[in-house]
Amino acid sequence: YPAMVMDLGYALLADGRMEEAQDLFGDLVNAVYGITGDALYANFLGTKYGARLYVKDGKDDFAVAIWENFKDYLNENKSDYTEEELTEVFGKIQEEIDAIQGQQ
């Protein structure tokens, strides 16, 4: 189901319906959380989806900003996660940012 939601979002974007594609963020995060029970993973995947929408729309700066906002959120809520979880997810976030910036 999460893959179907993402594919639908990318199809909406291709049809020029960015707002509708963005509106699927909550559905995606809720579906992933429902399947995994892992809020951090669900929010990471949702952020990745949102960033990818912007990359596909040619707005790499917006995509990077989404990742930066997610980092800020995690920093503000550090106590909700272990140090190991944060280290791992911050590394993955940086990989995503690097990949976006490498496309420019």
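This section reports on the structure supplied with the text. (Residues numbered from 1 in each chain as written. Predicted model: local features only at pLDDT ≥ 70, side-chain atom pairs only at ≥ 80, totals over all residues. Heavy atoms only, no water.)

**Observations concerning the overall build of the chain**
Selection criterion: Secondary structure elements are defined from DSSP: runs of H or I of at least 4 residues count as helices, runs of E of at least 2 residues count as strands, and each element is numbered from the N terminus. Working definition: with a 1.4 Å probe on protein chains only, accessible area under 20% of the residue-type maximum means buried, over 50% means exposed, and in between means partly exposed. We call two residues in contact when some of their heavy atoms are within 4.5 Å. For the area figures, the Shrake-Rupley method with a 1.4 Å probe applies, and any residue is considered shielded solely by the protein chains shown. In summary, the charge assignment counts Lys and Arg as positive and Asp and Glu as negative, without counting His or the chain termini. One atom stands in for each charge, and that atom is NZ of Lys, CZ of Arg, CG of Asp or CD of Glu.
A tally of regular secondary structure across the chain gives 6 helices and 0 strands. The helix and strand sequence of the chain, counted from the amino end, reads α-α-α-α-α-α. Considering the chain as a whole, with its 104 residues, one finds that 38% of them fall into the buried category. Looking at the chain alone, contacts between residues at least 24 apart form 51% of all its contacts between residues at least 6 apart. Accessible surface, the chain: about 6,200 Å² in total, of which carbon and sulfur atoms supply 48%. Within the chain, the 21 negative side-chain charges are centred at a point lying 4 Å from the centre of the 8 positive side-chain charges.

**So, helix α3 (residues 25-36)**
The line we're drawing: In a helix, the anticipated span is given by 1.5 Å times the number of residues less one. The directions from the helix axis to the C-beta atoms are what the arc is built from.
Over its 12 residues, α3 runs 16 Å from end to end, which matches the ideal 16 Å to within 8%, given 1.5 Å per residue. Of all the positions in α3, only Leu28, Val29, Ala31 and Val32 are classed as buried. Taken down its axis, α3 places every buried residue within 165 degrees of arc, on the same side. Turned more than 90 degrees away from the buried face of α3, the exposed residues are Asn30 and Gly34. Buried residues in α3 make contact with α1 (2-14) and α4 (39-56).

**Comments concerning the pattern of salt bridges**
Pairing between side chains of opposite charge can happen when their charged atoms approach one another. Spelled out, the test is: The working definition used for a salt bridge is a side-chain nitrogen of Lys or Arg within 4 Å of a carboxyl oxygen of Asp or Glu.
A full pass over the atoms with the stated rule returns 6 salt bridges. For Glu96, the salt bridge goes to Lys48, with nearest N and O atoms at 3.3 Å. Residue Glu96 is found in helix α6 (residues 83-102), and its partner Lys48 is found in helix α4; the two are separated by 48 residues along the sequence. Residue class for Lys48 comes out partly exposed when judged on its relative accessible area of 22%. The residue Lys71 makes a salt bridge to Glu68 at a minimum N-O spacing of 3.4 Å. Here the residue Lys71 and the residue Glu68 both occupy positions in helix α5 (residues 60-76), the gap between them amounting to 3 residues, near one helical turn.

**Some words on the environment of Thr87**
As a reminder of what qualifies: Between N or O atoms, a polar contact is any pair within 3.5 Å; within protein, one atom must be a potential hydrogen donor and the other a potential acceptor, and residues adjacent in sequence are included only when both atoms are from side chains.
Along the polypeptide, Thr87 turns up in helix α6. Residue classification places Thr87 among the exposed residues on the basis of a relative accessible area of 54%. A polar side-chain atom of Thr87 sits 2.9 Å from the main-chain carbonyl oxygen of Glu83.

**A word on the packing of aromatic side chains**
Rules: In this scheme Phe, Tyr and Trp rings, the latter by its six-membered ring, pair at centre separations within 6.5 Å, and the angle between planes marks the pair as stacked below 30 degrees, edge-to-face above 60, and tilted otherwise. In our convention, an over-ring charge means Lys NZ or Arg CZ found within 6 Å of a ring centre and within 35 degrees of that ring's normal.
Here the structure, examined in full by the defined rule, presents 4 aromatic pairs. With 5.1 Å between their ring centres and 45 degrees between their planes, Phe44 and Trp67 make a pair best called tilted. With Phe44 in helix α4 and Trp67 in helix α5, this pair connects stretches of sequence that are 23 residues apart. Classification of Trp67 by relative accessible area gives buried; the value is 0%. Of the aromatic side chains, those joined through ring pairs into one cluster are Phe44, Trp67 and Phe70. Directly above the aromatic system of Tyr10 lies the positively charged group of Lys56, at a separation of 4.9 Å from the ring centroid.

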